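Spelled out, the chains give:
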Amino acid sequence: MKPTLNIAIYAIGLISSKLVALALQPFVTQWLGPEQFGRLDVLITLGIFLSLFLALGLTDAIYRFAHENKHQQEIFSGALWLIILFGGTLTLLAQIAAPTIQQYLPGKPPLIALRCLLLTLFINTLCTVPFAILRIRDQARQFVIAQVLFALIQGGAIVLLAPKYGISGIMIAGLVAQTLQLLILYKVFPTPKPRHQQLILRYGMAITVSGVLGFITLGAERWAIAHSLSLTELAPYAIAIQWAMAASLLLEPFALWWFPKRFSLTSTKEDRQKAANLSIVGCQISCLITAGVITIGPRFLTVWLPQDFHASADIIPFLGIMLMFKHASTLLNMGCYQQRNGQSVMLIGLISCIISLIILFFILPNLGLYALLWSGIVLQVLRVILFFFWSQRRLSLPYPLPRLGLSYALIALLLLTHVREMLIYELIISLILTIQITWPWLGNKQVRKLIKV
């Protein structure tokens, strides 16, 4: 299947499945209110954190080694075996310790909701293996069908359960939908076998440590906001970051197609040029998405949400820029992931983690939420710089950096005009940015030909 068609299928599926959840947002916010919504976000954040340990970075290991291994099926089987072994053990221990975990969570969410979340996470982690297989084999349709069905089932169950059971109803809905997704994907599952454990586990553990450090950099701030400020102040932040991440899903179809392929474009000079160009293309797509977040996001949220959540409109532009630089750090780091042990990724994560802890323990409690937002942007910029230079030392790629630098300069101007409420200038800068990014594709036959390759 052609890459452009795959990207289109991923886009349709991922955006439509995400829209199911976002369409329910006005109803969920009314059913729960700011404080209960804050408790729900505490659980969601816990799920993000625990999923790092359940998955152990093994999906990344599949992408890294399956394309170069003659016995591809053994990589799949070995990864699933390790997930069952480690993820199953961790899930069992977490279920036993659930009452204790509940006491340490901000707001102490319901115990049944926590137990449902733990089971859902384990089933979801199992499903990452067949999803990785579908992506590697370019079976985009099956991938998207499973995602969309999950979203529709979960959305319907939330409508039925959340008005009466609140947070617990939402978590039960997730468990039901995840179980049905497991059944949909059962034919794609490989037979779990202890194969290539040392190879994929060594790589995956480094990615896991890096992921945990990355969570502290972007993710743990929700717990810090709930603890240092309040659940009520966490709620609009949680809404804003949900929408910023939802907008960033517009980049996800490109990433779903590109990330499994990029390690195969390193052998020749021509391949490395293609890899560099496509990485910059991804960064510039992220710039366009961020421009939409800054100009459209705040105005939309004031209409979409109840009055108690309108503070989200002031927060979302800063989160959009933060995620833009986060995307850049994942797109300009091929050299770091070219290593078999992922040590450079882990070291950059450690540096970021130390700075993030300083922000959470000193800047947030003393200077408030907006100081956290600005500090987060600076931290993400630092991560881009570290990843880029470290990556270039390992694998030098000829990135067209002036083009990307101009895009970032226009984004900075756009944020300035938005803060000053200069709508006409926002529109003009957005138009200039769009022309600047799309012009090479419209005017250069070689660049247009690149995506076909």
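Throughout, a residue's number is its position along its own chain's written sequence, starting from 1. The predicted origin of the model limits local features to residues at a pLDDT of at least 70 and limits the giving and counting of side-chain atom pairs to 80 or more, whereas totals for whole chains, interfaces and linings rest on all residues. Computation of side-chain values: all heavy atoms of the structure, hydrogens and water removed.

**Thoughts on the environment of Pro-109**
Which entries qualify depends on this criterion: The helix count covers DSSP runs of H or I at least four residues long, the strand count covers runs of E at least two residues long, and both are numbered beginning at the N terminus. Only protein chains enter the accessibility calculation, which uses a 1.4 Å probe; a residue whose area is less than 20% of its type maximum is buried, one above 50% is exposed, and one in between is partly exposed. Residue contacts are counted whenever heavy atoms from the two residues lie within 4.5 Å of one another.
Its location among the elements puts Pro-109 in the loop between α5 (98-104) and α6 (111-136). By relative accessible area, which is 1% here, Pro-109 ends up buried. In this structure the C-alpha to C-alpha distance between Pro-109 and Gly-335, which are 226 residues apart in sequence, comes to 42 Å. Non-local contacts of Pro-109, meaning those with residues more than four positions away in its chain, are made with Arg-39, Leu-43 and Gln-102.

**Looking at the packing of helix α2 (residues 25-55) against α6**
Defined as follows: Comment: axis = line fitted to C-alpha atoms, over the contacting stretch for helices; angle = value between 0 and 180 degrees taken between N-to-C directions. Note that the term roughly parallel is reserved for angles under 35 degrees, roughly antiparallel for angles over 145, roughly perpendicular for angles of 65 to 115, and oblique for everything else. Should the near helix be turned anticlockwise from the far one by less than a right angle, the crossing is termed left-handed; should it be turned clockwise, right-handed. Polar here means any residue other than Ala, Val, Leu, Ile, Met, Phe, Trp, Tyr, Cys and Pro, which are nonpolar, and Asp, Glu, Lys and Arg, which are charged; Gly is therefore polar.
Packing of α2 against α6 brings their axes to within 10 Å, and their N-to-C directions diverge by 40°. It follows that α2 is oblique to α6 by the angle criterion. In the packing of α2 onto α6, the handedness of the crossing is right-handed. Contact residues: α2 offers Leu-43, Leu-46, Gly-47, Leu-50, Ser-51, Leu-54 and Ala-55, while α6 offers Ala-113, Leu-114, Leu-117, Leu-118, Leu-121, Phe-122 and Thr-125. Here the residues of the contact of α2 with α6 are counted per class, giving 11 nonpolar, 3 polar and no charged.

**Concerning the state of the cysteines**
Applicable threshold: In this description, a disulfide is simply a cysteine sulfur pair whose atoms lie within 2.5 Å.
Within this structure, the stated rule accounts for 0 disulfides. No disulfide involves Cys-127; its sulfur sits 17 Å from the nearest other cysteine sulfur, which is in Cys-116.

**A word on the side chain of Thr-208**
Test applied: The definition of a polar contact used here is a pair of N or O atoms within 3.5 Å, where within protein one atom must be able to donate a hydrogen and the other to accept one, and adjacent residues in sequence count solely through side-chain atom pairs.
Tracing the sequence through the fold places Thr-208 in helix α8 (residues 197-217). Given a relative accessible area of 6%, Thr-208 falls into the buried group. There is a polar contact of 3.1 Å between the side chain of Thr-208 and the backbone oxygen of Leu-56. For Thr-208, the contacting residues outside a window of four places in its chain are Leu-52, Leu-56 and Gly-57.

**Points about helix α4 (residues 72-96)**
Keep this limit in mind: Multiplying one less than the number of residues by 1.5 Å gives the expected span of a helix.
Taking 1.5 Å of rise per residue, the 25 residues of α4 would be expected to cover 36 Å, and the 36 Å separating its terminal C-alpha atoms lies within 8% of that figure. Listed as buried for α4 are Ile-75, Phe-76, Ser-77, Gly-78, Ala-79, Leu-80, Leu-82, Ile-83, Gly-87, Thr-91, Ala-94 and Gln-95. On its buried face, α4 sits against α2, α3 (58-65), α5, α6 and α8.

**What about unusual backbone geometry?**
Backbone geometry at Lys-108 places phi at a positive 45°, although glycine is not the residue there. Checked against the element boundaries, Lys-108 lands in the loop between α5 and α6. Accessibility expressed as a relative area gives 47% for Lys-108, which makes it partly exposed. For Glu-421, which is not a glycine, the phi torsion comes out positive at approximately 60°. Summarising the element assignment, Glu-421 is placed in the loop between α18 (401-419) and α19 (423-443).

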